[in-house]
Amino acid sequence: MKKTPLYNSHIALGAKMSPFAGFEMPLQYGGIIKEHGAARGGAAVFDTCHMGEFRVCGGAAVRDLERVLSCDVADLRVGACRYGFMCNAGGGVMDDLIIYRMAESEFMLVVNAGTADGDFEWLAANVTGGTSLENISEKTGKIDINGPAAPKIVASMMSGPVTGLKYYGFAKNSCRGGEVIVSRTGYTGEIGFEIYCGADTVMDLWDDCIGRGAVPAGLGARDVLRLEMGYPLYGHELTAERCAAQAGFPRAVSRKKEFIGSDRVLDPAAAGQTLAGIALDGRRAARHGDALASQDGKTVGVVTSGSFSPALGFAVALAYVDNVFSDIGTELRVISGKTEIPGKICELPFYKNATARSDINLYL
């Protein structure tokens, strides 16, 4: 298993470690409920050094990325990021990612750890000679800090201001004398930042966050937080076999251009199912792969993720559901082993009070 630059810190903090996407990662430290609460009500810091980062630049970069990615690229301003998919020819999602526009002809792609090698090979096979690619993952360190207390913590660490950062915007800054990139993106729904730095300096930033009050949080809390927001996890909600047309993220798919797989993704016939949220009765969680049944016992879908929600007090799940059973309020049953769990389709996100889009100045 690979280890991130923060591995020794996780061990020193008593983290329970677990394999994830080829890395040995912290599952939890003081407990998932505590770490979840820190993100929703204070500040939680996550090791995300396992993520992949690619530098894409050159005179043909815009044109090539428009063809490879599902989201619009040309109108992305310098200093902004955008969520999108990398699809195969059949419209299946090879990865979901965030694209950063660093300069007019320079971009950074942030991809999932488990798909990074395949993503880079796919990019290399589908760009022209006018575009250069560099995999900068190993020399890049990355931490996420989320929660209402995160802006004060990050502002106290940076040499330059963070007050002007908008949601899905980023800027270069300086911390401990070194250049960093600070972006207002994240995976918890709460206001916060992703901080990119050199792999050799990420330990200092990690220690600074904890020293200023951020609670170290692991994959367990991160998964519950993202599920409460209805955010997808690659390998669960998104796969190369599942057409992007069914994923329910219209902001990630342009209807103004052709891209690899777009003939399938934009075909209404490809969306026979829809990714939907399900509120369950009680605390018992559905699991990945559990079947969904209608009231008359017909199988109408499959659960992709499920968990008890600490913020809501009941279990929630994401599932692909046949379109005719996907209306809000439709009552369904999760078949979990020999147990049936009643539930109903509900609007996403499950958790409505997240702060990610809020004015940053309210938290400084």
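Heads up: the structure comes first, above all this text.
The notes below deal with the structure included here. From a predicted model like this one, the values you see are computed outputs, not experimental measurements. (Residues numbered from 1 in each chain as written. Predicted model: local features only at pLDDT ≥ 70, side-chain atom pairs only at ≥ 80, totals over all residues. Heavy atoms only, no water.)

Considerations on the overall build of the protein
Okay, step 1: For the protein, the count of helices and strands is eight helices and 19 strands.
Okay, step 2: Rg of the C-alpha trace for the protein: 20 Å, near the compact-globule value of 21 Å for 364 residues, within the 12% margin.
Okay, step 3: For the protein, the C-alpha atoms occupy an extent of roughly 65 × 50 × 40 Å along the three principal directions.
Okay, step 4: Within the protein, buried positions represent 57% of all 364 residues.
Okay, step 5: Once local pairs closer than 6 in sequence are excluded, the contacts in the protein between residues at least 24 apart make up 67%. (Helix = DSSP H or I, 4+ residues; strand = E, 2+ residues; numbered from the N terminus. Rg over C-alpha atoms; globule rule 2.2 N^0.38 Å. Buried < 20%, exposed > 50% of the residue type's maximum accessible area, 1.4 Å probe, protein only. Contact = heavy atoms within 4.5 Å.)

So, the pairing of strand β16 (residues 299–309)
Okay, step 1: Across the eleven residues that make up β16, a large majority, nine, are buried.
Okay, step 2: The sheet contact formed by strand β15 (residues 291–293) and β16 spans three bridges and is antiparallel. When the sheet's bridge partners are listed, Leu292 is paired in β16 with Gly301.
Okay, step 3: Hairpin connection of β15 to β16: five residues between the antiparallel strands, including Gly297 at a positive phi of 90 degrees.
Okay, step 4: In terms of strand pairing, β16 meets strand β17 (residues 314–322) through eight bridges, oriented antiparallel. Bridge assignment links Ser307 to a residue of β17, and that residue is Val316.
Okay, step 5: Connecting β16 to the next strand, β17, in antiparallel fashion are four residues, including Gly313 with a positive phi near 85 degrees. (Pairing = 2+ DSSP bridges.)

Focus on unusual backbone geometry
Glycine aside, residues mostly have negative phi angles, and peptide bonds mostly take the trans form.
Okay, step 1: Here the residue pair Leu348 and Pro349 is connected by a cis peptide bond, since its omega of 0 degrees sits within 30 degrees of zero.
Okay, step 2: Looking at where Pro349 falls in the secondary structure, it is placed in the segment after β19 (339–346).
Okay, step 3: The backbone phi angle of Tyr168 is positive, close to 60 degrees, even though this residue is not glycine.
Okay, step 4: Relative to the helices and strands, Tyr168 is located in the loop between α5 (150–157) and β10 (170–175).
Okay, step 5: The residue Arg176 is not glycine, and still its phi comes out positive at about 55 degrees.
Okay, step 6: Here Arg176 shows up in the loop between β10 and β11 (178–183).

A word on the pairing of strand β7 (residues 106–111)
Okay, step 1: Of all six residues in β7, five are buried, a share of seventy percent or more.
Okay, step 2: Relative to β7, strand β6 (residues 93–103) runs antiparallel, the two being bridged by five bridges. Of the residues in β7, the one forming a bridge with Tyr100 is Met108.

Structural notes on empty space enclosed by the protein
Okay, step 1: All chains considered together, the criterion is met by two cavities of 30 Å³ or more.
Okay, step 2: Quantified by volume, the largest cavity comes out at close to 50 Å³.
Okay, step 3: Lining the largest cavity, in full, are Tyr167, Arg184, Thr185, Gly186, Gly189, Glu190, Gly192, Tyr231 and Ala356.
Okay, step 4: Counted by class, the lining of the largest cavity contains three nonpolar, four polar and two charged residues.
Okay, step 5: Space inside the second largest cavity adds up to approximately 50 Å³.
Okay, step 6: Met25, Pro26, Phe46, Asp47, Ala217, Gly218, Leu219 and Arg222 are the residues that line the second largest cavity. (1 Å grid on protein atoms, 1.4 Å probe; cavity = no way out; pocket = protein on both sides within 12 Å on 5 of 7 lines; lining within 4 Å. Points joined across faces, edges and corners; volume = space filled by probe spheres on them. Nonpolar A, V, L, I, M, F, W, Y, C, P; charged D, E, K, R; others polar.)

A closer look at the packing of aromatic side chains
Okay, step 1: A full pass over the atoms with the stated rule returns seven aromatic pairs.
Okay, step 2: On the basis of an interplanar angle of 75 degrees and a centroid distance of 5.6 Å, the ring pair of Tyr83 and Phe85 is categorised as edge-to-face.
Okay, step 3: Since its relative accessible area comes to 9%, Tyr83 is described here as buried.
Okay, step 4: With a relative accessible area of 0%, Phe85 lands in the buried category.
Okay, step 5: The side chain of Arg222 reaches across the aromatic face of Phe46, ending 5.4 Å from its centre.
Okay, step 6: We note Arg283 situated over the ring of Phe308; from NZ or CZ to the ring centre the distance is 4.0 Å. (Phe/Tyr/Trp six-rings, centres within 6.5 Å; stacked < 30°, edge-to-face > 60°. Lys NZ or Arg CZ within 6 Å of the ring centre and 35° of its normal.)

Overview of the packing of helix α3 (residues 61–68) against helix α4 (residues 116–126)
How two helices pack is summed up by the angle between their axes together with the distance between the axes.
Okay, step 1: One can describe the packing of α3 onto α4 by two numbers: an axis separation of 10 Å at closest approach and a directional angle of 120 degrees. One element, α3, and the other, α4, form an angle in the oblique class. In this structure, α3 meets α4 at a crossing whose hand is right-handed. Residues Leu65, Arg67 and Val68 of α3 form the contact with α4, whose own contacting residues are Trp122, Leu123 and Asn126. (Axes fitted to C-alpha atoms, helices over the stretch in contact; angles between N-to-C directions. Parallel < 35°, antiparallel > 145°, perpendicular 65-115°, else oblique. Left-handed = near helix turned anticlockwise from the far one by under 90°.)

Focus on the sheet that holds strand β18 (residues 331–336)
Okay, step 1: The strand order around the closed barrel formed by six strands is β14-β17-β16-β15-β18-β19, and the pairing between neighbours is antiparallel. Averaged over all pairs of adjacent strands, the angle between strand axes in this sheet comes to 40 degrees, irrespective of strand direction.
Okay, step 2: One ladder, built from three bridges, connects β15 with β18; its direction is antiparallel. When the sheet's bridge partners are listed, Leu292 is paired in β18 with Val334.
Okay, step 3: Against the sheet, helix α7 (residues 219–228) engages β16 and β17, with an angle of about 125 degrees to β16.

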